[in-house]
Amino acid sequence: MSKVLIIGCGGVAGVAIQKCCQNSEVFESICIASRTKSKCDELKEKLEGKTNTKITTEKVDADNVEELVALIEKVQPELVMNIALPYQDLTIMDACLKCGTNYMDTANYEPEDISDPSWREKYERRCEEEGFSAYFDYSWQWAYKEKFEKAGLTALLGSGFDPGVTQAYCAYAQKYLFDEIHTIDILDCNGGDHGYPFATNFNPEINLREVSAPGSYWEDGQWVEVPAMSIKREYNFDQVGMKDMYLLHHEEIESLAKNIPGVKRIRFFMTFGESYLNHMKCLENVGMLRTDAVEFEGHKVVPIQFLKALLPDPATLGPRTVGKTNIGCIFTGIKDGKEKQAYIYNVCDHQECYQEVGSQAISYTTGVPAMIGAMMLLNGAWKKPGVYTVEEFDPDPYMDAMNKYGLPWQISEQPQLVY
Ligand code: NDP
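Residues numbered from 1 in each chain as written. Predicted model: local features only at pLDDT ≥ 70, side-chain atom pairs only at ≥ 80, totals over all residues. Heavy atoms only, no water.

Undergrad: Even after reading the chapter, I still don't get the overall build of the protein chain, so can you show me in this structure?
TA: If you tally the helices and strands in the protein chain, you get 15 helices and 18 strands. Projected onto the principal axes, the alpha-carbon positions of the protein chain cover approximately 55 × 55 × 45 Å. Each of the 419 residues in the protein chain was classed as buried or not, and the buried ones make up 58%. Within the protein chain, contacts between residues separated by at least 24 positions form 74% of all contacts whose residues are at least 6 apart in sequence. Accessible surface computed for the protein chain: about 17,300 Å², of which carbon and sulfur atoms make up 48%. For the protein chain, the separation between the mean place of its 40 positive charges and that of its 62 negative charges on side chains is 2 Å. (Helix = DSSP H or I, 4+ residues; strand = E, 2+ residues; numbered from the N terminus. Buried < 20%, exposed > 50% of the residue type's maximum accessible area, 1.4 Å probe, protein only. Contact = heavy atoms within 4.5 Å. Areas by Shrake-Rupley, 256 points an atom, 1.4 Å probe, with all protein chains shown as cover. Lys, Arg positive; Asp, Glu negative; His and termini not counted. Charge placed at Lys NZ, Arg CZ, Asp CG, Glu CD.)

Below, the structure is given as structure tokens:
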């Protein structure tokens, strides 16, 4: 029975919007607003007549707080779902505060312009104090905690799969499976094949920034940073098979390190094929992953943005991607005085996602929890003033909704551990 404003209409938002429309009892009315309004109109046309959710569309530049405020005042939503890019997290949070509206997103803040001196100064201090050098971190959004508390509003950060569902798995393990969690390994395996020599499965700019950054993990109360792709393991994934996976820095490690008491080590691994890594290395070596502007024939060009324009749009990979994803968390720790292990994971099939919503499984595994996170705020299950990540809430209603809305999970009590 709620009205929601959804910002962004790319691969992930496309799925989240369709899932909202499958759940019209909660999402009575949605407004889809993005930079390119024609994409919103196309999706509205596709969905109309097939859902009871009322859909409107708008154009918005989400980098502009005043434009956002005018839009929120016009639409009067209970919640803004930010499914644009991490660059817009702060402007959208600012607009929500001005309008008294709840907020959620799927990825933590990072700046588009990493040469901005005011950002750079804090970034360099953080690298020194915290010990990891990825461009993204939670400090910017955690700084809004008091403002959201005072305004009586909830901001839910990172309700995709990872971050997002992986943290719900951690909260579940803490609530039901362990008295003490000692280690967490988050494993993100995409066993899908889209047939292109090189493509990313979500926004190329954000994806390549993330995977080309140095890796890091949390151990004994501090960050350990290692060169990008320097820690490799093999793992035999249920329903996918043997894959190479590499240790990456990932945002949920930062919040889990704060919120899982007594945890000694948290690592994040993602699978990559040889072709992907060779292409990425080559692009990096020739400067195509640079995020600063270079002068070209009188124009300013940001190489990674130009590269994005050349690569396949992840939203178009659905029809050609076959295979499965397997994403989850392996825990070790103590239950009832005994050592224990558990692995909570989901397996998702690319073609089944395509049949249901016309997209590949990466957009699906992110878009479904975006809708579920929004539902948790709208139905009151997770409503508390402040700024929170997923593991800070009761996992039960979220985990039940995952089973209901297309991402069922399972638990293995004797998993292969990662050494
Ligand atoms: P896309 O590039 O496919 O879509 C981004 C959308 O945001 C596009 O519709 C784009 O508009 C719009 N947009 C960009 N800038 C602005 C702006 N200034 N104002 C208004 N709209 C804007 O990205 P994805 O769908 O792949 O990713 C969406 C988000 O999901 C990202 O933040 C990504 O990091 C996150 N993600 C999270 C995951 C998780 O598990 N937690 C996994 C995968 C992704 P236009 O069409 O004009 O470009």
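Undergrad: Looking at this model, I keep getting lost on the pairing of strand S6 (residues 154-157). Mind explaining?
TA: For a regular strand, the rule is simple: side chains alternate between the two faces of the sheet. Taking every second residue as pointing to the same face, both faces of S6 are buried, with Thr154 and Leu156 on one and Ala155 and Leu157 on the other. Summarising the sheet, strand S5 (residues 102-105) and S6 pair through two bridges and their orientation is parallel. Residue pairing across strands places tyrosine 103 opposite alanine 155, the latter belonging to S6. As judged from the four bridges shared by S6 and strand S17 (residues 386-389), these two strands associate in the parallel manner. (Pairing = 2+ DSSP bridges.)

Undergrad: Is there a simple way to think about the pattern of salt bridges in this case?
TA: Any two side chains of opposite charge can pair, so long as their charged atoms come close to each other. Enumeration over the complete set of coordinates arrives at 21 salt bridges. Among the salt bridges present, the one from glutamate 110 reaches arginine 209, with a minimum N-O distance of 2.7 Å. Residue glutamate 110 is located in the loop between S5 and helix H5 (117-130), and its partner arginine 209 is located in helix H9 (residues 204-212); the two are separated by 99 residues in the primary sequence. For the pair glutamate 110 and arginine 209, one class covers both residues: buried. Residue aspartate 179 pairs with lysine 335 through a salt bridge whose shortest N-O separation is 3.6 Å. In this pair, aspartate 179 sits in the loop between helix H8 (165-177) and strand S7 (180-190) while lysine 335 sits in strand S15 (residues 324-335), placing the two residues 156 residues apart along the sequence. Given a relative accessible area of 25%, lysine 335 falls into the partly exposed group. Put simply, Lys175, Asp394 and Asp396 are held in one network by salt bridges that share partners. (Salt bridge = Lys/Arg side-chain N within 4 Å of Asp/Glu carboxyl O.)

Undergrad: Hey, could you run me through the sheet that holds strand S3 (residues 54-59) in this one?
TA: Picture the strands of a sheet paired through backbone hydrogen bonds; they go either parallel or antiparallel. Strand order in the open sheet formed by seven strands is S3-S2-S1-S4-S5-S6-S17, with parallel pairing between adjacent strands. Edge positions in the sheet fall to S3 and S17, since each has one partner strand and no second. Going across the sheet, the axis of each strand differs from the next one's by a mean of 20 degrees, ignoring polarity. In this structure, strand S4 (residues 79-82) lies alongside S5, joined through four bridges in parallel fashion. Among the inter-strand pairings, asparagine 82 is bridged to a residue of S5, identified as aspartate 105. On top of the sheet, helix H1 (residues 11-21) reaches strand S1 (2-7), strand S2 (27-34), S3 and S4; it is set at about 160 degrees to S2, its chief contact. In the packing of helix H2 (residues 37-47) onto the sheet, contacts are made with S2 and S3, and the angle to S3 comes to roughly 170 degrees. (Axes fitted to C-alpha atoms, helices over the stretch in contact; angles between N-to-C directions.)

Undergrad: Sorry, what's going on with H1 here?
TA: The buried fraction of H1 amounts to 10 of the 11 residues, a majority that puts the element mostly inside the structure. Those residues of H1 lying buried are Val12, Ala13, Gly14, Val15, Ala16, Ile17, Gln18, Lys19, Cys20 and Cys21.

Undergrad: How should I be thinking about the site of the ligand in this particular structure?
TA: Neighbouring the ligand are 28 residues, the closest being Arg35, Thr36, Lys39, Ala62 and Asn203. Separating an oxygen atom of the ligand from a backbone N or O atom of phenylalanine 161 is a distance of 3.0 Å. Within the complex, 94% of the 930 Å² of free accessible area of the ligand lies under protein. Classifying every residue of the shell around the ligand by side-chain character gives 13 nonpolar, 10 polar and five charged. (Near = heavy atom within 4 Å. Polar contact = N/O pair within 3.5 Å; in protein donor to acceptor, adjacent residues only side chain to side chain. Nonpolar A, V, L, I, M, F, W, Y, C, P; charged D, E, K, R; others polar.)

Undergrad: Can you help me understand the packing of aromatic side chains in this one?
TA: One pass over the full model with this rule turns up 20 aromatic pairs. Between tryptophan 119 and tyrosine 123, the aromatic rings sit 4.5 Å apart at their centres with planes inclined by 15 degrees, giving stacked as the arrangement. Here tryptophan 119 and its partner tyrosine 123 are both found in helix H5, four residues apart, which amounts to about one turn of the helix. Each member of the pair, tryptophan 119 as well as tyrosine 123, is classed as buried. Between tryptophan 119 and tyrosine 135, the aromatic rings sit 6.0 Å apart at their centres with planes inclined by 75 degrees, giving edge-to-face as the arrangement. You can see tryptophan 119 sitting in helix H5 and its partner tyrosine 135 sitting in the loop between H5 and helix H6 (139-142), a full 16 residues away along the chain. Each member of the aromatic cluster is reached from another via a ring pair, and the members are Phe198, Tyr246, Phe272 and Tyr276. Geometry around tyrosine 196 places arginine 320 over its ring, the cationic atom sitting 3.6 Å from the centre. Its end group placed over the ring of phenylalanine 393, lysine 384 keeps NZ or CZ at 5.0 Å from the ring centre. (Phe/Tyr/Trp six-rings, centres within 6.5 Å; stacked < 30°, edge-to-face > 60°. Lys NZ or Arg CZ within 6 Å of the ring centre and 35° of its normal.)

Undergrad: Explanation requested: unusual backbone geometry in the structure shown.
TA: Most of the time, phi is negative for any residue but glycine, and the peptide bond is trans. Aspartate 162 connects to proline 163 through a cis peptide bond whose omega is 10 degrees. With respect to the helices, strands and loops of the structure, proline 163 is situated in the loop between S6 and H8. Unusually for a residue other than glycine, methionine 229 sits at a positive phi of about 60 degrees. On the secondary structure map, methionine 229 appears in the loop between strand S9 (222-226) and strand S10 (232-237). Classification of methionine 229 by relative accessible area gives buried; the value is 17%. Phi angles above zero are rare outside glycine, and aspartate 336 is one such case at about 50 degrees. Position of aspartate 336 relative to the elements: it lies in the loop between S15 and strand S16 (338-349).

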